Amino acid sequence: MDIGGKIKELRLMKNLTQEELADRAELSKGFISQLERNLTSPSISTLTDILTCLGTNLKEFFSDSEDTQIVFKKTDYFEKIDEERGNVIQWVIPNAQKNSMEPILVTIEKGGRTESLDPHEGEEFGYLLSGSADLHLGSKTYKVRAGESFYFAAKYRHYLTSPTGAKLLWVSAPPSF
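Residues numbered from 1 in each chain as written. Predicted model: local features only at pLDDT ≥ 70, side-chain atom pairs only at ≥ 80, totals over all residues. Heavy atoms only, no water.

(A) The arrangement of the overall build of the protein chain in detail. When helices and strands are tallied, the protein chain shows five helices and nine strands. Across the protein chain, helices and strands are ordered from the amino to the carboxyl terminus as α-α-α-α-α-β-β-β-β-β-β-β-β-β. Among the 177 residues that make up the protein chain, the fraction classed as buried is 36%. Across the protein chain, every contact between residues at least 6 apart in sequence was considered, and the portion connecting residues at least 24 apart equals 60%. (Helix = DSSP H or I, 4+ residues; strand = E, 2+ residues; numbered from the N terminus. Buried < 20%, exposed > 50% of the residue type's maximum accessible area, 1.4 Å probe, protein only. Contact = heavy atoms within 4.5 Å.)

Here it is in structure tokens:
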């Protein structure tokens with residue numbers, strides 16, 4: 001296993017410089033540099049400290065299990081049909097609730113609407129693939145058309161309606177659907 005390379009990858013994912021990681025782990029920048037180039041090996045205690053600074057632990061670091069599926073087809077989607085509201089929600093990335101963003105594909109039938117979501121921590125992003133919709137955000141309503149997108153902090157009650165029907169990609173972080 002390329003311990004140094006994996007540490008460097010984690011450090012870059014966290015947007016840290018070698019010096020920042022060294023400061024957080026109470027080590028020298030030179031040690032981090034040598035470690036990332038596999039010129040030295042850390043003690044278990046030092047490795048544990050470094051991994052804690054990088055938001056992981058020994059078990060996760062040495063685990064070889066990764067999600068192998070990168071591309072998902074329509075047959076992989078999980079679908080929820082809400083006949084009462086006149087919409088269909090497709091989770092386009094199975095098990096996305098474990099991620100910080102959860103993209104879903106929403107189809108609103110003519111006269112339908114999405115579920116009303118109470119204020120929560122996080123952000124919402126949407127892109128209308130077809131049709132048009134009204135975005136209800138707190139007491140305000142915004143018209144969104146095909147090819148347009150929306151983004152907002154989810155601190156207000158929010159939902160979509162569509163008198164004509166619409167299809168959109170909706171991403172919520174953290175997942176809230």
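There's plenty left to go through after this.
(B) Quick peek at the packing of aromatic side chains. Under the definition given, this model contains three aromatic pairs. With a centroid separation of 5.0 Å and an interplanar angle of 90 degrees, the aromatic rings of Phe61 and Phe62 are classed as edge-to-face. When the ring of Phe150 is compared with that of Trp170, the centres are 5.7 Å apart and the planes differ by 90 degrees; the resulting orientation is edge-to-face. Here Phe150, found in strand β7 (residues 149–153), pairs with Trp170, found in strand β9 (residues 166–173); they are 20 residues apart in sequence, far enough to count as distant. We classify Phe150 as buried; its relative accessible area is 6%. A relative accessible area of 0% means that Trp170 is categorised as buried. (Phe/Tyr/Trp six-rings, centres within 6.5 Å; stacked < 30°, edge-to-face > 60°.)

(C) Representation of the pattern of salt bridges. Tallied over the full model, the rule gives three salt bridges. The residue Asp82 makes a salt bridge to Arg85 at a minimum N-O spacing of 3.0 Å. Among the ionic pairs, Lys143 bridges to Asp134, the shortest N-O distance being 3.6 Å. Judged by relative accessible area, which is 18%, Asp134 ranks as buried. (Salt bridge = Lys/Arg side-chain N within 4 Å of Asp/Glu carboxyl O.)

(D) The side chain of Glu124, seen in detail. The topology assignment puts Glu124 in strand β5 (residues 123–137). Buried within the structure, Glu124 lacks any salt-bridge partner; Arg157 is the closest side chain of opposite charge, at an N-O distance of 12 Å. Of the polar contacts made by the side chain of Glu124, one reaches the side chain of Trp170; its length is 2.5 Å. Of the polar contacts made by the side chain of Glu124, one reaches the side chain of Ser172; its length is 3.1 Å. (Lys, Arg positive; Asp, Glu negative; His and termini not counted. Polar contact = N/O pair within 3.5 Å; in protein donor to acceptor, adjacent residues only side chain to side chain.)

(E) Unusual backbone geometry, seen in detail. The phi dihedral of Asn15 is positive, around 55 degrees, even though this residue is not glycine. Topologically, Asn15 is positioned in the loop between α1 (3–13) and α2 (18–25). The phi angle at Asn38 is positive, at roughly 60 degrees, despite the residue not being glycine. In this fold, Asn38 is placed in the loop between α3 (29–36) and α4 (44–53). Asn38 gets classed as partly exposed once you look at its relative accessible area, which sits at 44%.

(F) Spatial organisation of the nonpolar core. If you look at the biggest cluster of nonpolar residues, it comprises 16 residues, and the most contacted ones within it are Val106, Leu128, Phe150, Leu160, Leu168 and Trp170. Looking at this core, the elements with two or more residues in it are β2 (87–91), β3 (102–108), β5, β7 and β9. At four residues, the largest contribution of residues to this core is made by β5. Setting aside chain neighbours within four positions, we find Leu168 in contact with Ile104, Leu105, Val106, Ile108, Tyr127, Leu128, Leu129, Phe150 and Leu160. Membership of the second largest hydrophobic core comes to 13 residues, among which are Leu10, Ala22, Leu35 and Phe61. (Core = buried A, V, L, I, M, F, W, Y, C linked by side-chain atoms within 4.5 Å.)

Limitation: the analysis is restricted to geometry and does not speak to function.
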